Amino acid sequence: MRINGKALRTIWFEDNKVKIIDQTKLPHQFIVKDLKTVTDAINAIKVMEVRGAPLIGGTAAYGIVLAIIEKNDLNFINQAAGDLINSRPTAINLKWAVDRMMKKIKGVNSKEILSLALNEAKAICEEDVGFCKSIGEHGLKIIESIYQKKKDTVNILTHCNAGWLATIDWGTATSPIYHAHQKGIKVHVWVDETRPRNQGANLTSYELNEEGIPNTIIADNTGGILMQRGQVDMCIVGTDRTLANGDVCNKIGTYLKALAAKDNNVPFYVALPSSTIDWKIKEAKDIPIEERNSEELSHVYGIDNSGAIKKVLIYPKQSKAMNLAFDVTPAKYVTGLITEKGVCDASKEGLEKLFK
Ligand code: MRU
């Protein structure tokens, strides 16, 4: 997708370095940053210069490449793999990508290992682009059918950033929206801001603006009343981990949107590549839910009159704050899962029909 009219991806490899867009600076500054070591990659994931389940996976894959460039030694690479997996807990793509990289280089002679790893990291990213494009094509059909009935702008609510900035390109939740827009279907997006980090406002609205898609930022709590007023035709959200039974773990607050959608008969779709499916964990309570620094709540970032990015405290200094980053929406509230292989029920049977 584009920034300032220029087609870009969120991550690429150039001159033995990994290039990323530093998402902690968006939307106020556009900075491309170099990752030169595996520690740089781990840090970029931890401080969320890169974020979003598929992009975290892509970065972790390139992290293994950087480790090999740094020190082509099995102990070092194994340690790096463990540290990458532990850098963020909830998004399953991270472990999925590292496991895939390690499997690829297992037993490979040390001269070939780098080119093999690099090709695999590139393949993981390329595959994600293809998956997200297919998600868009499948999701487009749903938007199209609403448009044909309504014959007017389709209002779509999304939560957090599951856009191209959370992936390598296209996005998950936003891909159907981009496809619809490119096909000339009128769409308007309600963008939850989304607290704690305002990633809807900072990232989703930003990327939709860059593509010329009408959107309006709302407080996280506004979705319910909009649904009651008939101003939301459908919800599409992303996911950081979806269980084989169709339960969906996504950015905190997704569950409440799903409840409101159910109460108002608004279709609630979740878009995901298969790399986000956790086939192992059986119950939602076993998903590791990230609890992040409470400063994400108590402080906000913005620009001052001179254009400098500033961080300011908005809570009473003495107050304690608690910051769970994800919640789980039970499958029963999900109308359907939009995957690269098509749309299915959020259920074991639905997922198995497509993927097993
Ligand atoms: O904490 P983040 O920014 O890495 O959270 C990820 C998200 O933005 C989401 O939860 C998103 O909706 C799913 S990732 C495509």
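Residues numbered from 1 in each chain as written. Predicted model: local features only at pLDDT ≥ 70, side-chain atom pairs only at ≥ 80, totals over all residues. Heavy atoms only, no water.

Engineer: Before we go on, may I ask you to explain helix 1 (residues 38–46) in this structure?
Structural biologist: Because an α-helix packs 3.6 residues into every turn, residues spaced three or four apart end up facing the same way. Taken together, the buried positions of helix 1 are occupied by Val38, Ala41, Ile42, Ala44 and Ile45. Across the axial projection of helix 1, the buried residues extend over an arc of 160 degrees, all falling on one side. In helix 1, the exposed residues that point more than 90 degrees away from the buried face are Thr39 and Lys46. Residues of helix 1 that are buried in the fold lie against strand 4 (17–21), strand 5 (32–35), helix 2 (53–70), helix 3 (74–85) and helix 4 (93–105). Met48 sits one or two residues past helix 1 and shows a positive phi near 70 degrees. (Buried < 20%, exposed > 50% of the residue type's maximum accessible area, 1.4 Å probe, protein only. Helix = DSSP H or I, 4+ residues; strand = E, 2+ residues; numbered from the N terminus. Arc of directions from axis to C-beta. Contact = heavy atoms within 4.5 Å.)

Engineer: What is the right way to read the pattern of salt bridges from this model?
Structural biologist: When their charged atoms lie close together, side chains carrying opposite charge are able to pair. Throughout the structure, instances matching the rule amount to 22 salt bridges. For Arg100, the salt bridge goes to Glu127, with nearest N and O atoms at 3.0 Å. Of this pair, Arg100 sits in helix 4 while Glu127 sits in helix 5 (residues 113–150), and the two are 27 residues apart along the sequence. One connected set of salt bridges, linked through shared partners, spans Arg88, Arg197, Glu290, Arg292 and Glu296. (Salt bridge = Lys/Arg side-chain N within 4 Å of Asp/Glu carboxyl O.)

Engineer: Can you help me understand the sheet that holds strand 3 (residues 11–14) in this one?
Structural biologist: Note on sheets: strands pair through backbone hydrogen bonds, and any given pair is parallel or antiparallel. The antiparallel open sheet is built from three strands, whose spatial order is 3-4-5. Single-partner strands in this sheet number two, and they are strand 3 and strand 5. Adjacent strand axes in the sheet meet at a mean angle of 30 degrees when their direction is disregarded. (Pairing = 2+ DSSP bridges. Axes fitted to C-alpha atoms, helices over the stretch in contact; angles between N-to-C directions.)

Engineer: I would appreciate a short explanation of the site of the ligand in the present structure.
Structural biologist: Looking at the ligand, there are 19 residues lining it, with Arg51, Arg88, Gln199, Asp240 and Asn250 nearest. Between Arg88 and the ligand, the recorded distance is 2.8 Å, taken from a side-chain N or O atom to an oxygen atom. At a separation of 2.5 Å, an oxygen atom of the ligand approaches a polar side-chain atom of Asp240. Relative to its unbound accessible surface of 400 Å², the ligand loses 100% to contact with the protein. Broken down by secondary-structure element, the contributors of at least two residues to the shell around the ligand are helix 2 and strand 11 (248–251). For the shell around the ligand, the class distribution of residues is seven nonpolar, seven polar and five charged. (Near = heavy atom within 4 Å. Polar contact = N/O pair within 3.5 Å; in protein donor to acceptor, adjacent residues only side chain to side chain. Areas by Shrake-Rupley, 256 points an atom, 1.4 Å probe, with all protein chains shown as cover. Nonpolar A, V, L, I, M, F, W, Y, C, P; charged D, E, K, R; others polar.)

Engineer: Got a minute to help me understand the packing of aromatic side chains in this structure?
Structural biologist: By convention here, two paired aromatic rings are described through the distance between centres and the angle between planes. Applying the stated rule across the entire model yields three aromatic pairs. Arranged with centres 6.4 Å apart and planes meeting at 55 degrees, the rings of Tyr255 and Tyr333 form a pair that is tilted. Linking Tyr255 in helix 9 (residues 254–263) with Tyr333 in the loop between strand 16 (326–329) and strand 17 (336–339), this pair joins segments that are 78 residues apart in sequence. On the basis of relative accessibility, which here comes to 30%, the residue Tyr255 falls in the partly exposed class. Look at Tyr333 and you get buried, because its relative accessible area is 18%. (Phe/Tyr/Trp six-rings, centres within 6.5 Å; stacked < 30°, edge-to-face > 60°.)

Engineer: Explain the environment of Phe326 to me, please; I cannot follow it from the model alone.
Structural biologist: Tracing the backbone shows Phe326 in strand 16. In the structure, Phe326 is positioned 25 residues away from Tyr301 in sequence and 21 Å away in space, judged by C-alpha atoms.

Engineer: Looking at this model, I keep getting lost on unusual backbone geometry. Mind explaining?
Structural biologist: For residues other than glycine, phi is negative in most cases, and the peptide bonds are mostly trans. With an omega dihedral of 5 degrees, the bond running from Leu26 to Pro27 counts as a cis peptide bond. Across the junction of Arg195 and Pro196, the peptide omega takes the value 15 degrees, indicating a cis bond. Here Pro196 is to be found in the loop between strand 7 (187–192) and helix 7 (199–210). A positive phi angle, near 50 degrees, is found at Asp15, a position not held by glycine. Relative to the helices and strands, Asp15 is located in the loop between strand 3 and strand 4. Exposure remark for Asp15: the relative accessible area of 60% places this residue in the exposed category. A positive phi angle, close to 55 degrees, is found at Asn265, a residue other than glycine. Mapped onto the elements, Asn265 comes out in the loop between helix 9 and strand 12 (268–271). Classification of Asn265 as exposed rests on a relative accessible area of 72%.

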